[in-house]
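Inside the fold
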Amino acid sequence: MKKRAKTLPGVTRRQVLTWSALGVAASVSQAADAVSLKGSPGWTPFSDNPPETFDQQGWLFFTDEEARTVEALVDRLIPNDELSIGGKEAGCAVFIDRQLKGSYGTFERLYMEGPFQKGTSEQGDQSALVPQQRYRQGLAALNRYVQTTSQKNFVDLTPEQQDALLHDMEAGKVHFDGFDAQSLFLEVLNNTMEGFFADPIYGGNKEMVSWKMLGFPGARYDYRDYIERHNEDLHLEPISIAQWKAKG
């Protein structure tokens, strides 16, 4: 057996460990004495890992009929009022369309092999369908249900009728043929909220309308001048990621 190395006479093992820890702390302290940066960042944001965005115009995933249905849905989930524009004008449907066209639409970064079983609420989403399939099948099932019950499409219902159907979908009181109505409601609701509050670079939150409504200053590079200023309106215009500019 290898013998334990001896410490200096009169020095305990605890003292050696303490000195080692202090030495590491001193090294970290010296390394942390970094230069403070203010103003614009000195690099191009996301140059190595850019956010997934699309420059093309028009609908990239939805058909025209699907897009009209989604626009009607987001406009009832976030209706136009005295506080802000509605979900359609804010670009929530565009946001969802771009997300479905990108990696989110296919769950590219998630494990999607079987077996698929019904899980508990704590286990989260257990569906075998990716978001592209959920929207395509769910929107079709929604319009089939409305056509059966009202001889119309969802977009042709009155706002009051649309709200009543959405309330029933949320509560699990209606059942679509071939698709779970409640799961469609939750999917659209979550994506609509994401589109309304996300950075405009992703297609929604037109002109940062939700950030202005809340007083959120956006994706600013440096907040240190404002950290100690509590409970006051700083009158800061929100800034999008797209407005970041690197130093020349």
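For the structure itself, look to the data block above.
Everything quoted here is computed from the prediction, not taken from an experiment.

Definitions and cut-offs
Residues numbered from 1 in each chain as written. Predicted model: local features only at pLDDT ≥ 70, side-chain atom pairs only at ≥ 80, totals over all residues. Heavy atoms only, no water. Helix = DSSP H or I, 4+ residues; strand = E, 2+ residues; numbered from the N terminus. Expected span 1.5 Å × (residues − 1). Buried < 20%, exposed > 50% of the residue type's maximum accessible area, 1.4 Å probe, protein only. Arc of directions from axis to C-beta. Contact = heavy atoms within 4.5 Å. Axes fitted to C-alpha atoms, helices over the stretch in contact; angles between N-to-C directions. Parallel < 35°, antiparallel > 145°, perpendicular 65-115°, else oblique. Nonpolar A, V, L, I, M, F, W, Y, C, P; charged D, E, K, R; others polar.

Glancing now at helix 6 (residues 159–171). For helix 6, built from 13 residues, the straight-helix expectation of 18 Å at 1.5 Å per residue is met to within 8% by its first-to-last C-alpha distance of 18 Å. Listed in full, the buried residues belonging to helix 6 are Gln-162, Leu-165, Leu-166 and Met-169. The buried residues of helix 6 occupy an angular sector of 100° when the element is viewed end-on, so they sit on one face. Among the exposed residues of helix 6, those pointing more than 90 degrees away from its buried face are Glu-160 and His-167. Downstream of helix 6 by one or two residues, Gly-172 has phi in the positive range, about 75°.

What follows deals with the side chain of Glu-71. As for its placement among the helices and strands, Glu-71 is situated in helix 2 (residues 64–77). Assessed through its relative accessible area of 19%, Glu-71 is described here as buried. Non-local contacts of Glu-71, meaning those with residues more than four positions away in its chain, are made with Trp-59, Lys-88 and Ala-93.

As a further point, take unusual backbone geometry. The backbone phi angle of Asn-205 is positive, close to 50°, even though this residue is not glycine. Mapping Asn-205 onto the fold places it in the loop between helix 7 (181–197) and helix 8 (209–214). The exposure class of Asn-205 is buried, given its relative accessible area of 0%. The phi angle at Glu-207 is positive, at roughly 55°, despite the residue not being glycine. Inspection of the secondary structure assignment puts Glu-207 in the loop between helix 7 and helix 8.

For the rest of this paragraph, the subject is the environment of Tyr-223. With respect to the helices, strands and loops of the structure, Tyr-223 is situated in the segment after helix 8. Here Tyr-223 falls in the partly exposed class, since its relative accessible area comes to 32%. Every residue in contact with Tyr-223, bar those within four places of it in the chain, is listed here: Pro-217 and Gly-218.

On to the packing of helix 2 against helix 6, then. The N-to-C vectors of helix 2 and helix 6 enclose an angle of 85°; their axes lie 10 Å apart at closest approach. Considering their axes alone, helix 2 and helix 6 lie roughly perpendicular with respect to each other. Between helix 2, through Ala-72, Leu-73, Arg-76 and Leu-77, and helix 6, the contact on the second element is made entirely by Pro-159, Gln-162, Asp-163 and Leu-166. Considering only residue class, the contact of helix 2 with helix 6 consists of five nonpolar, one polar and two charged.

Glancing now at helix 3 (residues 92–101). In terms of burial, helix 3 is largely enclosed, as seven of its ten residues are buried. Among the residues of helix 3, Cys-92, Ala-93, Phe-95, Ile-96, Asp-97, Arg-98 and Leu-100 are the ones counted as buried. Buried residues along helix 3 sit in contact with helix 2, helix 4 (103–106), helix 5 (131–150) and helix 7.

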